[in-house]
Amino acid sequence: MIIWLNGTHGVGKTTTSQHVQALLPDSRILDAEKVGEVLMDVKPGLPATDNFQHWDPWRPLVVETARRLLAFTGGTLVMPMTVLVESYWNEIRAGLAEHQIPVHHFVLHADQATLRDRIQNDPVLGPSMFRFAHLAPYEEAAGTWLHDDAHVIETSKCTPREAAEQIVAAIPTS
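Residues numbered from 1 in each chain as written. Predicted model: local features only at pLDDT ≥ 70, side-chain atom pairs only at ≥ 80, totals over all residues. Heavy atoms only, no water.

## A few points about the overall build of the chain
For the chain, the count of helices and strands is 8 helices and 5 strands. Here the C-alpha coordinates of the chain stretch approximately 45 × 40 × 30 Å along the principal axes. When contacts within the chain are restricted to residue pairs at least 6 apart in sequence, those whose partners lie at least 24 apart make up 75%. Split by element, the accessible area of the chain, about 9000 Å² in all, is 56% carbon and sulfur. Of the charged side chains in the chain, 13 are positive and 21 negative, and the gap between their average positions amounts to 5 Å. (Helix = DSSP H or I, 4+ residues; strand = E, 2+ residues; numbered from the N terminus. Contact = heavy atoms within 4.5 Å. Areas by Shrake-Rupley, 256 points an atom, 1.4 Å probe, with all protein chains shown as cover. Lys, Arg positive; Asp, Glu negative; His and termini not counted. Charge placed at Lys NZ, Arg CZ, Asp CG, Glu CD.)

Written as structure tokens, this is what we have:
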């Protein structure tokens with residue numbers, strides 16, 4: 001199965017995914033951003049875009065990478081990745097469903113003030129205009145489709161470990 005951690009940049013998906021992985025035996029983290037990085041390294045470059053998710057190969061390559069990895073290792077993949085375009089999410093989910101891979105979709109959510117503070121004071125990356133720029137698109141997706149499609153985990157007042165515990169508790173055991 002796949003546990004997909006969605007949410008805006010800076011909400012804590014990467015850190016929370018590490019805690020989820022630690023709580024689930026036989027699980028691994030697959031960051032779909034690495035698939036995008038592979039595409040960004042193609043020479044000469046692919047058509048200009050502000051987001052590698054807009055490149056048509058990214059979505060099926062994410063599905064194929066996850067499918068192949070699960071076939072090789074079994075277990076669970078924890079996938080921290082922001083996907084805010086509904087049609088892109090539907091394409092990924094449908095591709096995984098074609099291979100009978102169950103996906104448990106979670107959105108890590110925090111209020112705007114908390115997000116801005118986390119982004120501004122990130123001890124590893126520092127303030128990030130890229131992350132700030134994605135707050136509005138996240139709010140739009142959250143208000144139109146994203147929160148309806150996923151199990152929302154409110155992270156404004158909890159630690160990444162506590163969010164991971166909520167995620168693991170929400171996964172059906174049968």
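## Here we look at the pairing of strand β1 (residues 2–6)
Extensive coverage of β1 is indicated by the burial of 5 of its 5 residues. In β1, alternate side chains face the same way, and those of I2, W4 and N6 on one face and I3 and L5 on the other are all buried. Taken together, the 4 bridges between β1 and strand β3 (residues 76–80) define a ladder with parallel strand orientation. Across the sheet, residue W4 finds its bridge partner in β3, namely M79. Pairing of β1 with strand β4 (residues 103–109) involves 5 bridges; the strand directions are parallel. Note that in β4 the partner of W4 across the bridge is H105. (Buried < 20%, exposed > 50% of the residue type's maximum accessible area, 1.4 Å probe, protein only. Pairing = 2+ DSSP bridges.)

## Focus on the pairing of β4
Among the 7 residues of β4, 6 are classified as buried, and the element is accordingly described as predominantly covered. Judged from the 4 bridges that link them, β4 and strand β5 (residues 151–154) form a sheet pairing that is parallel. Within the sheet, the bridge partner assigned to H109 lies in β5 and is E154.

## A few points about the sheet that holds β4
If you trace the 5 strands from one edge of the open sheet to the other, you get β2-β3-β1-β4-β5, paired in parallel fashion. In this open sheet, the two strands that pair with only one neighbour each are β2 (27–29) and β5. Going across the sheet, the axis of each strand differs from the next one's by a mean of 25°, ignoring polarity. (Axes fitted to C-alpha atoms, helices over the stretch in contact; angles between N-to-C directions.)

## Thoughts on the packing of helix α1 (residues 13–23) against helix α8 (residues 160–170)
Running from N to C, α1 and α8 point in directions that differ by 55°, and their axes come no closer than 8 Å. Accordingly, the angle class assigned to the pair α1 and α8 is oblique. α1 and α8 meet at a crossing whose hand is right-handed. For the pair formed by α1 and α8, the contact residues are T15, T16, H19, V20 and L23 on the first element and P160, R161, A163, A164, E165, I167 and V168 on the second. Class assignment for the residues of the contact of α1 with α8 results in 7 nonpolar, 3 polar and 2 charged. (Parallel < 35°, antiparallel > 145°, perpendicular 65-115°, else oblique. Left-handed = near helix turned anticlockwise from the far one by under 90°. Nonpolar A, V, L, I, M, F, W, Y, C, P; charged D, E, K, R; others polar.)

## Quick word on the packing of aromatic side chains
A full pass over the atoms with the stated rule returns 2 aromatic pairs. Note on W4 and W89: the rings are 5.0 Å apart at their centroids and 70° apart in plane angle, and the pair reads as edge-to-face. Remark: W89 occurs in helix α4 (residues 86–98) and W4 occurs in strand β1; sequence separation between them is 85 residues. Taking 5.7 Å as the distance between ring centres and 55° as the angle between the ring planes, the aromatic pair formed by F52 and W58 counts as tilted. Note on accessibility: F52 and W58 belong to one class, buried. The lysine or arginine in question, R59, covers the ring of Y88, its NZ or CZ lying 4.1 Å from the ring centre. (Phe/Tyr/Trp six-rings, centres within 6.5 Å; stacked < 30°, edge-to-face > 60°. Lys NZ or Arg CZ within 6 Å of the ring centre and 35° of its normal.)

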